[in-house]
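Listed below, chain by chain, are the residues.
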Amino acid sequence: MDHFRRIGALRRKLTRAGLPGLVVTHLPDLRYLSGFTGSSAALAVTRRAARLFTDGRYTAQAAEEVDAAKVEIVSGAPSVAAVQWLAAQPGVEMAGFDPSWTTVAELTRWKAALPGRLRRTFLTALAGPLVENLRRVKDEDELALMTEAALGGCRLFEHMLGFIRPGLREIEVAAELEHQARLMGAEGMSFETIVASGVRSALPHGKATNAVLPRRGFVTLDFGIILGGYCSDMTRTVFLGRPKAEERRTYNAVLEAQETAVAAVSSGVSCGEVDEAARAVLRREGLAEAFSHSTGHGVGLEIHEAPRIGAGQTTRLMPGMVITIEPGVYLAGRFGIRIEDMVVVTATGGQVLTPAPKALIEL
Ligand code: ZN
Ligand code: ZN
């Protein structure tokens, strides 16, 4: 990963924002910029220098992982040290921080650690996210990891098709999936695995429970693995037994919505337009009310990151962004269906990273 290039890109953004310095505390942002994967650190960036502050537990790890910033081991809070260091840099009369990732308590501590004359003026909340916006567009190294993670997810799904059967508990299904993921080399799951069967498939976030898979009904699997820090995310809904006409029709409506939205993905298209592509199909089928969430989200070091693929979102897609397309239909007390792919935006369209089968599978 080219951390020098990333910090360079951040500096250009800081210059444009009129900020001589920035303190970064959100760990995925910090990892993106510096390579550091520990759980306690802060990064300070000025136009000339970058310094990572962490504690003694991470001396060896930071030396190994961090290339584009100097490392300083501190005994107190790393973020306080970072703010104090910034305030001591010549020409740095002000430093930005991301208010989305700063608690009131933290800000109070930072101010208290500054010399009196700087307390009121030195720290300034960013008007919009800087690092998060850089992270939206993935570079080649990131795309390679995400492609591998996505394909790993597809292999897991294929495996699960041979495992899922009526009578199993949802948590047994989740346990098998997660066990195989670890054997495959996953560092972890992107989020708590969703296995929602029968009437529970109508819960958009039905985490695996003790519920027993029915003889007939939908089973939704929504899961992802982490490779090299990067998350994959996919959903498939399969059917146990023989679906009735309405179940099949509803499944095909969700599939059409999903494929229509995937086809709408292209550089320059707004996120709202992609959302509307999915929503229009379900509206036509009388299922608009049953589609109760947005169409997708950016994915990368975090499972949910910018951009959001939702109604009215004006952000335009750019080549290298990786987003999910995951429309769903949820009929409370009856059944639910969701289909989700990861898609990388290209200059001319979108490339699906999760090529697992989507036509209705009957088990
Ligand atoms: Zn998902
Ligand atoms: Zn998702």
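This structure is a prediction, so every number in the text was calculated from the model and none was measured.

1. Topic: the coordination of the zinc ion (ligand 1)
Then, number 1: Those donors, Asp 222 (OD), Asp 222 (OD), Asp 233 (OD) and Glu 340 (OE), are the protein atoms that reach the zinc ion (ligand 1), and they lie 2.0 to 2.8 Å from it.
Then, number 2: For the zinc ion (ligand 1), the 4 donor atoms are set out with angles of 52 to 153 degrees between them, so the coordination reads as irregular.
Then, number 3: In the primary structure, the donors to the zinc ion (ligand 1) are separated according to the pattern D-x10-D-x106-E.
Then, number 4: The two metals, the zinc ion (ligand 1) and the zinc ion (ligand 2), are separated by 3.1 Å and share Asp 233 as a common coordinating residue. In this pair, Asp 222 is assigned in strand β9 (residues 217-223) and Asp 233 in the loop between β11 (230-231) and β12 (234-240), connecting sequence segments 11 residues apart. We note that Asp 222, like Asp 233, is buried.

2. Examining the state of the cysteines
Then, number 1: Tallied over the full model, the rule gives 0 disulfides.
Then, number 2: You can see Cys 154 has no disulfide; the closest cysteine sulfur is in Cys 231, sitting 16 Å from it.
Then, number 3: The buried category is assigned to Cys 154, whose relative accessible area is 8%.
Then, number 4: When its relative accessible area of 4% is taken as the criterion, Cys 231 is described as buried.

3. Description of the nonpolar core
Then, number 1: Judged by nonpolar contacts, the single largest core of 37 residues is most densely connected at Leu 10, Leu 33, Phe 36, Leu 43 and Leu 52.
Then, number 2: In terms of residue count, helix α1 (residues 3-16) provides more of this core than any other element does, 4 residues in total.
Then, number 3: Residues from two domains meet in this core; each of domain 1 (3-134) and domain 2 (136-352) gives at least three.
Then, number 4: Sequence-distant contacts of Leu 33, defined by excluding residues within four places in its chain, comprise His 3, Arg 6, Ile 7, Leu 10, Val 24, Leu 43 and Val 131.

4. What about the coordination of the zinc ion (ligand 2)?
Then, number 1: Coordination sphere of the zinc ion (ligand 2), protein contribution only: Asp 233 (OD), His 297 (NE2), Glu 326 (OE) and Glu 340 (OE), at 2.0 to 2.2 Å.
Then, number 2: Taken together, the 4 donor atoms surrounding the zinc ion (ligand 2) define angles of 79 to 150 degrees at the centre, an arrangement classified as irregular.
Then, number 3: Spacing between the donor residues of the zinc ion (ligand 2) along their common chain follows D-x63-H-x28-E-x13-E.

5. Side note on the packing of aromatic side chains
Then, number 1: Applying the stated criterion across every chain, the model contains 6 aromatic pairs.
Then, number 2: Each ring, one from Phe 218 and one from Phe 335, has its centre 5.3 Å from the other, and the planes form 45 degrees; the classification is tilted. Here Phe 218 is found in strand β9, whereas its partner Phe 335 is found in strand β17 (residues 335-338), with 117 residues between them in sequence.
Then, number 3: Here Phe 218 falls in the buried class, since its relative accessible area comes to 1%.
Then, number 4: When its relative accessible area of 6% is taken as the criterion, Phe 335 is described as buried.
Then, number 5: Three or more aromatic residues joined by ring pairs make a cluster, and in this case those are Phe 218, Phe 239, Tyr 251 and Phe 335.
Then, number 6: The side chain of Arg 6 reaches across the aromatic face of Tyr 32, ending 4.1 Å from its centre.
Then, number 7: Sitting over the face of the ring of Phe 291, Arg 279 holds its NZ or CZ atom 4.1 Å from the ring centroid.

6. A word on the environment of Gly 268
Then, number 1: Its location among the elements puts Gly 268 in the loop between α9 (245-264) and α10 (271-284).
Then, number 2: C-alpha separation for the pair Gly 268 and Thr 315, spaced 47 residues apart in sequence, amounts to 9.0 Å.
Then, number 3: Excluding anything up to four places from it in sequence, Gly 268 contacts Arg 316 and Leu 317.

7. So, the pattern of salt bridges
Then, number 1: Scanning the model with the defined rule gives 25 salt bridges in all.
Then, number 2: Taking the shortest distance from any N to any O, the salt bridge between Arg 135 and Asp 29 comes out at 2.6 Å. With Arg 135 in helix α6 (residues 131-136) and Asp 29 in helix α2 (residues 27-34), this residue pair connects regions lying 106 residues apart in the sequence.
Then, number 3: Glu 362 is the partner of Arg 242 in a salt bridge, and the nearest nitrogen-oxygen pair spans 3.3 Å. A residue pair is termed long-range when its members are at least 10 positions apart, and Arg 242 in the loop between β12 and α9 and Glu 362 in the segment after β19 (350-352) qualify at 120 residues.
Then, number 4: Under the relative-accessibility criterion, Arg 242 is labelled exposed at 63%.
Then, number 5: Since its relative accessible area comes to 31%, Glu 362 is described here as partly exposed.

Here is what the cut-offs are and how they apply
- Residues numbered from 1 in each chain as written.
- Chains lettered and ligands numbered in written order.
- Predicted model: local features only at pLDDT ≥ 70, side-chain atom pairs only at ≥ 80, totals over all residues.
- Heavy atoms only, no water.
- Donors = N, O, S within 2.8 Å, 3.2 Å for Na, K, Ca; no water.
- Tetrahedral: all angles 85-135°; square planar, octahedral: opposite > 155°, others 65-115°.
- Helix = DSSP H or I, 4+ residues; strand = E, 2+ residues; numbered from the N terminus.
- Buried < 20%, exposed > 50% of the residue type's maximum accessible area, 1.4 Å probe, protein only.
- Disulfide = S-S within 2.5 Å.
- Core = buried A, V, L, I, M, F, W, Y, C linked by side-chain atoms within 4.5 Å.
- Domains from an automatic or database assignment.
- Contact = heavy atoms within 4.5 Å.
- Phe/Tyr/Trp six-rings, centres within 6.5 Å; stacked < 30°, edge-to-face > 60°.
- Lys NZ or Arg CZ within 6 Å of the ring centre and 35° of its normal.
- Salt bridge = Lys/Arg side-chain N within 4 Å of Asp/Glu carboxyl O.

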